[in-house]
Amino acid sequence: MRSLTRHGQSEQRGNSEMNRTQSNSQTHRPHTPEELLHQLQDPVDEAPATVKAGAPRMPVGQVVSVNGSHVLVMINLDKDFAAEFMPRVGGMICIESKSAEIVAGVSGLSSPAPGLDSEEERILIAEVELYGEIRHTASGSRAYARRIAALPSLGDVAAALSEYDLHCIYRTEEAGLLKVGTISNAPEISAQLSPAALLQENFALFGAPGCGTSAAAAVLARAFVKARFPVRTLIIDVHNEYSRSFGRAASIVPVVTGTITHWMLSLREMVYLTEKATGPLSEQEKDLLIDSIIAAKKRYVRANPSASSNEAAEQGVRITADTPVPYRLGDIVVHLKKVLQASNDIPADVIQHMETRMEVLSKEPRYKPIFGRLALDDSLTELLSEIFRMPLAGKSISVLQLGGLEEEVAEVVVSVVARFARMIAEARKDTTPLLIMLEEAHRFLPMNIEDAPLASQSLQTILEAGNKLSVSLGLITSRLRGVSSNALEHIDNYLAMCLPGRADQDHFLETAPESAPGILENVGGLENGECIAVGLLSPVPARLTFTRLPADAVPRDPARVMTTEQSAGSVSHTDLDEETFFALIEQMRFGTD
């Protein structure tokens, strides 16, 4: 279980960073919030209503033991004790100390002398963990803080929290938060998450298949729009599920032939696909490939000079194999033929083998999305503008669809996108924050880095940068145990949906960013659409229910969507004629459309 200490240290930093980010980003927005809200076709959230103080809290017991943040409360269940105020495991109480009103979570209940209690009196012991405290300001208002100025004392009164307290703790009157649903055991209380925590500390959203993780991700993305928070959201959609989730507020970017082309790849990415298609490269072959790529890029720059390239040449800026400059695969072959004629240092069979590799790579049907475009044009600006919403142009969400791609192609695409996201953020630290929500994170940040060497490295650099860059990651997965432990070390916020397996539950408890016994253990019994929010994103560890999406906005795999007739039991089947079946076989064979 990770320490809670850094959360206390990070909260002030997070709030100041959020304020600065909002200030910087407001000047870059070429759209109005009302426009995006209209495109989502969601009602505008009304301004939070002021909650009035009610009756005094009902005392339930007193503190009898204090051991750091672990406190024992003795509860005297006499004949006048109202059952509605009985503390419950997973619930919260208030300890009224002399200096503050301390909020604590109930982690356990026990009877110290079972069978010895009288009929009129019964003693229980409640184990509680301290979360934070309610403070009174000079102006007479109240505010909840995660930090605790002083521990409670023996004899302090423990009382049931009032609805007035719950509104204060969950900050229902505070503007600028993300309204994502309701508190499960108090549905009259809105569940609101901190956008600063999500954007600066990274987060993970996970749960068993079918529990609603994709729908929850859509709710989060829509909540940013509804809260008018300046952020660009990129959803990496592995199964093409989100095409209808955001209406006209999102730009849908399918990865087809030419979307991300070979010249946008780094050397590592190019070597990776070359070796996947044709086998391992020797060091001599790698050096030859580097020289050939550089020569091909220089040939393009000479044929297509620009003000930027001329200025770079004057300043002595060198083109490398990683420089994102267009080039033709055919120009690599041209250069190899020149080397074959002029060089005595490299064996002819090595050069000829490299030529063969390039020809195989360019014709490999699995890699057609990257190597299949014959025309050569510099589409990088247009692509990155579309993916990263720069400028926003009335749409703050983009959905990059990877459905149908080969695994190695999908990994390269994720690597390329993460690499360019980091490069842009490093070059312009004042840009509107970018949130990358990554579906099937266990595929791209696996426990064994060799299973996804490219994506792991590119994504890990973003995670490790923390809030130094204006880029953050939201990892979405059905296999938390399959995600790299190095990656989880940099995740400070969890949204945990149902985990029915004991091994998954244990892993969640071990890696959770804070301790909250009594509530975290409920992760196996959550309903669909419910989650436990842990970390700075929530004022206290909370069990919440996500807002239900409109039926036509629920993420769905298009290949699995059933028609009304099918769901009603009247299934219609389409028979394939000979020509269609032949075309299907050809597609399987050669990757043709």
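A brief report on the enclosed structure follows. (Residues numbered from 1 in each chain as written. Predicted model: local features only at pLDDT ≥ 70, side-chain atom pairs only at ≥ 80, totals over all residues. Heavy atoms only, no water.)

**As for the state of the cysteines**
Worth spelling out the cut-off: Any pair of cysteine sulfurs within 2.5 Å is marked as a disulfide. Using a 1.4 Å probe on the protein chains alone, a residue whose accessible area is under 20% of its type maximum counts as buried, one over 50% counts as exposed, and one in between counts as partly exposed.
Here the structure, examined in full by the defined rule, presents 0 disulfides. The closest cysteine sulfur to the non-disulfide-bonded C211 is located on C498, 6.3 Å from its own sulfur. Its sulfur unpaired, C531 is 9.7 Å from the next cysteine sulfur, which belongs to C211. The buried category is assigned to C531, whose relative accessible area is 0%.

**Focus on the packing of helix 9 (residues 329-342) against helix 10 (residues 348-363)**
To be explicit about the condition: Lines are fitted to the C-alpha atoms to define the axes, a helix being fitted only along its stretch in contact, and any angle between axes, read from their N-to-C directions, falls within 0 to 180 degrees. Runs of H or I in DSSP of at least four residues are treated as helices and runs of E of at least two as strands, each being numbered from the N terminus. Each angle receives one of four descriptions, namely roughly parallel if under 35 degrees, roughly antiparallel if over 145, roughly perpendicular if within 65 to 115, and oblique otherwise. Between two residues, a contact is recorded if the distance between any of their heavy atoms is within 4.5 Å.
Here helix 9 crosses helix 10 at 170°, and the two axes come no closer than 10 Å. By the angle class used here, helix 9 and helix 10 are roughly antiparallel. Contacts between helix 9 and helix 10 involve L329, I332, V333, L336, K337, V339 and L340 from the first element and A348, I351, Q352, M354, E355, M358 and S362 from the second.

**A word on the pairing of strand 1 (residues 59-67)**
Under the convention used in this document: The pairing criterion is simple: DSSP has to find at least two bridges between the two strands.
Looking at chain direction, strand 1 and strand 7 (residues 157-160) are connected through 3 bridges and run antiparallel. Bridged to P59 within strand 7 is A159. With 5 bridges joining them, strand 1 and strand 2 (residues 70-78) adopt antiparallel strand pairing. Bridged to S65 within strand 2 is L72. Remark: 2 residues form the turn of the hairpin made by strand 1 and strand 2, two consecutive strands paired antiparallel; G68 in that turn has positive phi of roughly 65°.

**Some words on the pairing of strand 2**
Judged by which residues are buried, strand 2 turns out to be one-sided: V71, V73, I75 and L77 face inward and are buried, whereas H70, L72, M74, N76 and D78, on the alternate face, are not. Across 9 bridges, the pairing between strand 2 and strand 5 (residues 121-136) is antiparallel. Within strand 5, the position partnered with H70 by the bridge is E129.

**Some thoughts on the side chain of S415**
Following the sequence through the fold, S415 ends up in helix 13 (residues 407-427). Classification of S415 by relative accessible area gives buried; the value is 1%. Excluding residues that lie within four positions of it along the chain, S415 makes contacts with E269, L454, A455 and S458.

**Things to note about unusual backbone geometry**
Residues other than glycine predominantly adopt negative phi, and peptide bonds predominantly adopt the trans conformation. Cis geometry marks the peptide bond from M390 to P391, where omega comes out at 0°. When you line up the elements, P391 lands in the loop between helix 12 (380-388) and strand 13 (397-401). Residue R228 is not a glycine yet carries a positive backbone phi of 60°. When you line up the elements, R228 lands in the loop between helix 5 (213-226) and strand 11 (232-237).

**Points about a nonpolar patch on the surface**
Which entries qualify depends on this criterion: Like-charged residues are merged into a patch within 9 Å and nonpolar side chains (Val, Leu, Ile, Met, Phe, Trp, Tyr) within 5 Å, provided each residue has over 30% relative accessible area and no salt bridge. For the accessible areas, the method is Shrake-Rupley and the probe is 1.4 Å, while residue cover comes only from the protein chains on display. Any Lys or Arg side-chain nitrogen located within 4 Å of an Asp or Glu carboxyl oxygen qualifies as a salt bridge.
Among the surface-exposed residues, V66, L151 and L154 lie close enough to one another that they form a single nonpolar patch of about 270 Å² accessible area. Of note, V66 is situated in strand 1. Overall, the relative accessible area of 31% leaves V66 in the partly exposed class.

**Let's talk about the pattern of salt bridges**
Applying the stated rule across the entire model yields 21 salt bridges. For the salt bridge of E386 with R389, the shortest nitrogen-to-oxygen distance reads 3.8 Å. What makes E386 partly exposed here is its relative accessible area of 32%. In this structure, E426 and R422 form a salt bridge, with 3.6 Å as the shortest nitrogen-oxygen distance. Here R422 and E426 lie together in helix 13, a separation of 4 residues that amounts to about one turn. E426 sits in the partly exposed class, given a relative accessible area of 44%. One continuous salt-bridge network, built from bridges that share partners, spans R57, E96, E101, R142 and D165.

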